[in-house]
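The primary structure of each chain is shown beneath.
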Amino acid sequence: MTAGRYAPSPSGDLHIGNLRTALLAWLFARSTGHEFLLRVEDLDTGRSSRAAEAGQLADLAAIGLDWDGAVVRQSERSDLYAAAIAELDVYECYCTRREILSAPSAPHAPEGAYPGTCRDLTEAERVVRRRDRPAALRLRSTVDEFTVTDVLRGEYTGAVDDFVLRRGDGTYAYNLAVVVDDAAQGVDQVVRGDDLLSSAPRQAYLTTLLGGAPPTYAHVPLVLGPTGVRLAKRDGAVTLSRRGGPAVVLPEIAASLGLRGGTPQEMLDGFDPAQLPRAPWTLPL
């Protein structure tokens, strides 16, 4: 099976930017003969809810999107993530975010890149550290960067550090879960917002370590709010129900992408990724 997917986090209503990306993911999948899957990224149990999930699925259906098979929830897949970690070279890390940001980093490393503080601790040092703080698990990376190919952006090379696979509280990290899930579900096409482009090299590298081939990426431009930053619910009437429903929102999204047709199925005719805008869209409020 080859598939594309859309994977929202059920922490509230989808906004217009989320719906626009979902439509694009659907169009990419359907236009290339892929199945289209829905996966709920609910690892953050403190912010996720089944009520929010139900509302999101209803909104996706309301704008005319369909999907193949049952909806998959990350919270039900812990065994898969644990099995993947068992295949990898990992080490315990006891650093806080503040400690990482304040530590000296390697030249040319991006801000927040892990400096390797806990990489070579002895077992005796780990025993002492465990008394103060539960350990996260980090990947022991053997590369500093990795290159991915993006349909809209061409080749992109980004930094790869020793990133977290499981947090100190036992929660599996997004970078691990998304790679394991994509491989398990046969996802070889990933369409998502371009704010996630910088994470693609880490995820593609991890995919290769687990014996897979990186997917084809398409990182699409974001929708911006009136202040020029990424659209958020705080910007006002930016959800499907508050903006007037599918009859208002779907034509608005289509126009922003240069698409013709009143339904997603009609938009498939003539859909050409090469003609998609490369700049973000500022939502008129």
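Look above for the structure.
Basis of the calculations
Residues numbered from 1 in each chain as written. Predicted model: local features only at pLDDT ≥ 70, side-chain atom pairs only at ≥ 80, totals over all residues. Heavy atoms only, no water. Salt bridge = Lys/Arg side-chain N within 4 Å of Asp/Glu carboxyl O. Phe/Tyr/Trp six-rings, centres within 6.5 Å; stacked < 30°, edge-to-face > 60°. Helix = DSSP H or I, 4+ residues; strand = E, 2+ residues; numbered from the N terminus. Buried < 20%, exposed > 50% of the residue type's maximum accessible area, 1.4 Å probe, protein only. Lys NZ or Arg CZ within 6 Å of the ring centre and 35° of its normal. Axes fitted to C-alpha atoms, helices over the stretch in contact; angles between N-to-C directions. Parallel < 35°, antiparallel > 145°, perpendicular 65-115°, else oblique. Contact = heavy atoms within 4.5 Å. Nonpolar A, V, L, I, M, F, W, Y, C, P; charged D, E, K, R; others polar. Expected span 1.5 Å × (residues − 1). Arc of directions from axis to C-beta.

A. Spotlight on the pattern of salt bridges. This model, assessed by the stated rule, comprises 22 salt bridges. Sharing partners across several salt bridges, the network here consists of Arg5, Arg39, Arg77, Asp181 and Asp182.

B. Quick look at the packing of aromatic side chains. Counted by the stated rule, this structure contains three aromatic pairs. A ring pair is formed by Phe28 and Phe271, whose centres lie 5.5 Å apart and whose planes are at 80 degrees; its orientation type is edge-to-face. A residue pair is termed long-range when its members are at least 10 positions apart, and Phe28 in helix α1 (residues 16-31) and Phe271 in the loop between α10 (264-267) and β12 (281-282) qualify at 243 residues. Between Phe146 and Tyr205, the ring centres sit 5.9 Å apart and the planes meet at 50 degrees, which makes this aromatic pair tilted. With a gap of 59 residues between them, Phe146 in strand β6 (residues 145-150) and Tyr205 in helix α7 (residues 200-209) connect regions that are remote in the sequence. The partly exposed category is assigned to Phe146, whose relative accessible area is 21%. The class of Tyr205 is buried, set by a relative accessible area of 4%. Its guanidinium or amino end placed over the ring of Tyr114, Arg138 lies 3.6 Å from that ring's centre, counting from NZ or CZ.

C. Up close: the packing of helix α3 (residues 78-86) against helix α6 (residues 174-185). Close contact between α3 and α6 brings their axes to 10 Å; oriented N to C, the two are set at 100 degrees. When the axis of α3 is compared with that of α6, the two are roughly perpendicular. Of the residues in α6, those touching α3 at Leu80, Tyr81, Ala84 and Ile85 are Leu176, Ala177, Val180, Asp181 and Ala184. Looking at the contact of α3 with α6 residue by residue, the class counts come to eight nonpolar, no polar and one charged.

D. View of helix α2 (residues 50-62). Taking 1.5 Å per residue, 13 residues should reach 18 Å; α2 reaches 18 Å between its end C-alpha atoms and fits that length. Taken as a whole, α2 has its buried residues at Ala52, Glu53, Gln56, Leu57, Asp59 and Leu60. The buried residues of α2 occupy one face: seen down the axis, they fall within an arc of 160 degrees. In α2, those exposed residues whose orientation departs by more than 90 degrees from the buried face are Arg50 and Ala51. Considering only its buried residues, α2 is in contact with β1 (3-6), α1, β2 (35-40), β3 (72-73) and α8 (240-243). The positive-phi residue at the C-terminal boundary of α2 is Gly64, with phi of around 100 degrees.

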